[in-house]
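Working through the structure, step by step
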Amino acid sequence: MSLARKAVLAACCVGLVGVPDAQAAPKRDTAAQVSTGRAAQDIIRMTNRERVQRGLPALRIDGRCVAAISSHVADMARGGFLSHEGRDGRGADQRFRRYSPSARGAGENLAYNYYGTGQSFMQQWLGSSGHRENILSRSYKGIGVAVRANCASRADGGKCTYYAGQCFSQ
């Protein structure tokens, strides 16, 4: 497997969190993992398509961003919240610097919805000037993406809330 393929898989392979019903977990776990992994891949592809259409270079997968955003998105899904500040009090720059102490900083886009598709998250971000600026910033060279699902038990209706994040590095 190529290094680039491994990086995409590392950026996109995410799991299901918050499934209290053990009997329903295997089926929903597999479906949510496939869904969130596909969404993360789509977000990377669509982000780079938006950039290239505007004459900007495509972003490369940055493993440090993958690690920083993956832990934060998992925490948000587990806790059922959306915030640029984690429950540990860290913001995007602090999370990224944990993996790259000499970094100049990082940008971050976050969202949640009930669809969980790459297209649904990209529509949210592109519809917001601040999020769109991150996607189209010339200063960013790297990207990390994570998508996680928080699904209710079958007894509670089995509905999922999907959380997504993009980390942008310089």
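Residues numbered from 1 in each chain as written. Predicted model: local features only at pLDDT ≥ 70, side-chain atom pairs only at ≥ 80, totals over all residues. Heavy atoms only, no water.

1. Focus on the nonpolar core
The condition is simple: Each nonpolar core is a collection of buried residues, namely Ala, Val, Leu, Ile, Met, Phe, Trp, Tyr and Cys, held together in the definition by side-chain atoms within 4.5 Å. Here the term buried applies to any residue with accessible area under 20% of the maximum for its type, exposed to any over 50%, and partly exposed to those in between, with areas from a 1.4 Å probe on protein chains only. Secondary structure follows DSSP: runs of H or I at least 4 residues long count as helices, runs of E at least 2 residues long count as strands, and numbering of each begins at the N terminus.
Formed by 23 residues in total, the largest nonpolar core has its most connected members in Ile-43, Phe-121, Trp-125, Val-145 and Val-147. Listing elements by their share of this core, those giving two or more residues are α2 (25–53), α5 (118–126), β4 (142–151) and β5 (160–169). Counting residues in each nonpolar core, the second largest holds 13 residues, with Val-73, Phe-81, Phe-96 and Cys-167 among its members.

2. Examining the state of the cysteines
Note the following rule: Any two cysteine sulfur atoms lying within 2.5 Å of each other are counted as a disulfide.
A full pass over the atoms with the stated rule returns two disulfides. The disulfide bridge from Cys-65 ends at Cys-167, spanning 2.3 Å between sulfur atoms. Handedness here is read from the sign of the S-S torsion; for Cys-65 and Cys-167, about -60°, the answer is left-handed. A residue pair is termed long-range when its members are at least 10 positions apart, and Cys-65 in helix α3 (residues 63–79) and Cys-167 in strand β5 qualify at 102 residues. The class of Cys-65 is buried, set by a relative accessible area of 0%. Residue class for Cys-167 comes out buried when judged on its relative accessible area of 4%. Sulfur-sulfur distance for the disulfide between Cys-151 and Cys-160 comes to 2.0 Å. Residues Cys-151 and Cys-160 are joined through a disulfide that is right-handed, its torsion about the S-S bond being 100°.

3. Regarding the confidence of the model for the protein chain
Formally: Per-residue confidence from the predictor is given as pLDDT, running between 0 and 100. Contact criterion: two residues are considered in contact whenever any of their non-hydrogen atoms come within 4.5 Å of each other.
Looking at the protein chain, the pLDDT average stands at 82 and 80% of residues meet or exceed 70. Residue range residues 1–29 is modelled with pLDDT below 50. Its contacts to residues more than four positions away, or to other chains, number 58 contacts.

4. Description of the environment of Gln-94
Topologically, Gln-94 is positioned in helix α4 (residues 92–99). The class of Gln-94 is partly exposed, set by a relative accessible area of 46%. C-alpha separation for the pair Gln-94 and Ala-68, spaced 26 residues apart in sequence, amounts to 9.2 Å.

5. Focus on a nonpolar patch on the surface
What counts here: Here the term patch refers to residues with relative accessible area over 30% and no salt bridge, with like charges joined within 9 Å and nonpolar side chains (Val, Leu, Ile, Met, Phe, Trp, Tyr) within 5 Å. In this description, accessible areas are obtained by the Shrake-Rupley approach with a 1.4 Å probe, and a residue is regarded as covered only by the protein chains that are shown. Only one rule defines a salt bridge in this text: a Lys or Arg side-chain nitrogen within 4 Å of an Asp or Glu carboxyl oxygen.
A grouping of Leu-82, Tyr-112 and Tyr-114 is seen on the molecular surface, where their side chains present a nonpolar patch of about 330 Å² in accessible area. Inspection of the secondary structure assignment puts Leu-82 in the loop between α3 and α4. Given a relative accessible area of 40%, Leu-82 falls into the partly exposed group.

6. Structural notes on the packing of α3 against α4
Defined as follows: Here, axes are lines fitted to C-alpha atoms. For helices the fit covers the stretch in contact, and angles between N-to-C directions go from 0 to 180 degrees. Throughout, the term roughly parallel applies to angles under 35 degrees, roughly antiparallel to angles over 145, roughly perpendicular to angles from 65 to 115, and oblique to all others. We call a crossing left-handed when the near helix sits turned anticlockwise from the far one by less than a right angle, and right-handed when that turn is clockwise. In this count, Pro and Cys sit with the nonpolar residues alongside Ala, Val, Leu, Ile, Met, Phe, Trp and Tyr, while Asp, Glu, Lys and Arg are called charged and the others, Gly among them, polar.
Viewed as axis vectors pointing N to C, α3 and α4 meet at an angle of 130°, and their least axial separation amounts to 8 Å. Judged by the inter-axis angle, α3 sits oblique to α4. Both α3 and α4 take part in a crossing whose hand is right-handed. Each of Arg-64, Cys-65, Ala-67, Ala-68, Ser-71 and His-72 in α3 lies in contact with α4, whose residues at this interface are Arg-95, Phe-96 and Tyr-99. By residue class, the composition of the contact of α3 with α4 is five nonpolar, two polar and two charged.

7. A few points about the pairing of β5
To keep it simple, the criterion reads: Strand pairing requires that DSSP identify at least two bridges connecting the strands.
Summarising burial for β5: 10 of the 10 residues are buried, a large majority. Of the two faces of β5, the one lined by Cys-160, Tyr-162, Ala-164, Gln-166 and Phe-168 and the one lined by Thr-161, Tyr-163, Gly-165, Cys-167 and Ser-169 are each fully buried. As paired elements, strand β3 (residues 106–113) and β5 share eight bridges and run antiparallel to each other. Opposite Leu-110, over in β5, you have Gly-165 as the bridge partner. Bridging between β4 and β5 involves 10 bridges; their strand directions are antiparallel.

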